[in-house]
Amino acid sequence: MKILMVDDDQTALDILHTALIGANYDDVTSADTAERALEKIHSEAVPYECILLDIKMPGMNGIELCQVIRNLPDYQIVPIIMITALTDQESIDDAMAAGATDYVTKPFNGR
């Protein structure tokens, strides 16, 4: 599975990368801003099959990025999972309204 992770926190990206590689996902790419994520999305000949997004990022946040990605023809049904420390209902509702498939909260629990 071809996965794109987007988070401005390098430690979070490292943890996710390690977990995904450990689960035998070997095609994992990361971006530290929404703008870099969009560059990667537009430069790929084959679309990503899953996208993991943090919400709180400088510039365009993950909810806004989710909405932009959902408007791309190749990404209308690709799973987009929000991975964030935000647990309030409004953030969850906003993410789902933007097209998120699911919502996972930090800190990560490996169980």
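Quick note: structure is the one above.
In this report, the structure presented in the accompanying data block is examined. (Residues numbered from 1 in each chain as written. Predicted model: local features only at pLDDT ≥ 70, side-chain atom pairs only at ≥ 80, totals over all residues. Heavy atoms only, no water.)

1. With respect to helix H2 (residues 34–43)
Piece 1. Of the positions making up H2, those classed as buried are Ala34, Ala37, Leu38 and Ile41. Projected down its long axis, H2 carries its buried residues within an arc of 100 degrees, all on one side. Summarising the geometry of H2, the exposed residues directed more than 90 degrees from the buried face are Glu39 and Ser43.
Piece 2. Those residues of H2 that are buried are in contact with strand S1 (2–6), strand S2 (27–31), strand S3 (50–53) and helix H3 (62–70). (Buried < 20%, exposed > 50% of the residue type's maximum accessible area, 1.4 Å probe, protein only. Helix = DSSP H or I, 4+ residues; strand = E, 2+ residues; numbered from the N terminus. Arc of directions from axis to C-beta. Contact = heavy atoms within 4.5 Å.)

2. Quick notes on the nonpolar core
Piece 1. One finds Ile41, Ile51, Leu53, Leu65, Ile69 and Met82 to be the most contacted residues of the largest nonpolar core, which totals 25 residues.
Piece 2. Sorting the residues of this core by element identifies S1, H2, S3, H3, strand S4 (80–84) and helix H4 (89–98) as the ones contributing at least two each.
Piece 3. Contact partners of Leu65, with chain neighbours within four places excluded, come to Val6, Ala34, Ala37, Leu38, Leu53, Met57 and Met60.
Piece 4. Listed in part, the 9 residues of the second largest apolar core include Met5, Leu16, Val28 and Ile83. (Core = buried A, V, L, I, M, F, W, Y, C linked by side-chain atoms within 4.5 Å.)

3. Quick word on the pattern of salt bridges
Piece 1. This structure, assessed with the given rule, holds 2 salt bridges.
Piece 2. The residue Lys2 makes a salt bridge to Glu44 at a minimum N-O spacing of 2.5 Å. With Lys2 in strand S1 and Glu44 in the loop between H2 and S3, the pair connects residues that are 42 residues apart, well separated along the chain.
Piece 3. Looking at Lys2, the relative accessible area reads 10%, which means it is buried.
Piece 4. Classification of Glu44 by relative accessible area gives partly exposed; the value is 32%.
Piece 5. As a salt-bridge pair, Asp32 and Arg36 come within 2.6 Å of each other at their nearest N and O atoms. (Salt bridge = Lys/Arg side-chain N within 4 Å of Asp/Glu carboxyl O.)

4. Re the side chain of Asp54
Piece 1. Locating Asp54 in the fold gives a position in the loop between S3 and H3.
Piece 2. Exposure remark for Asp54: the relative accessible area of 6% places this residue in the buried category.
Piece 3. Beyond its immediate chain neighbours, meaning those up to four positions away, Asp54 contacts Val6, Asp7, Asp8, Gly62, Met82, Ile83, Thr84 and Lys106.

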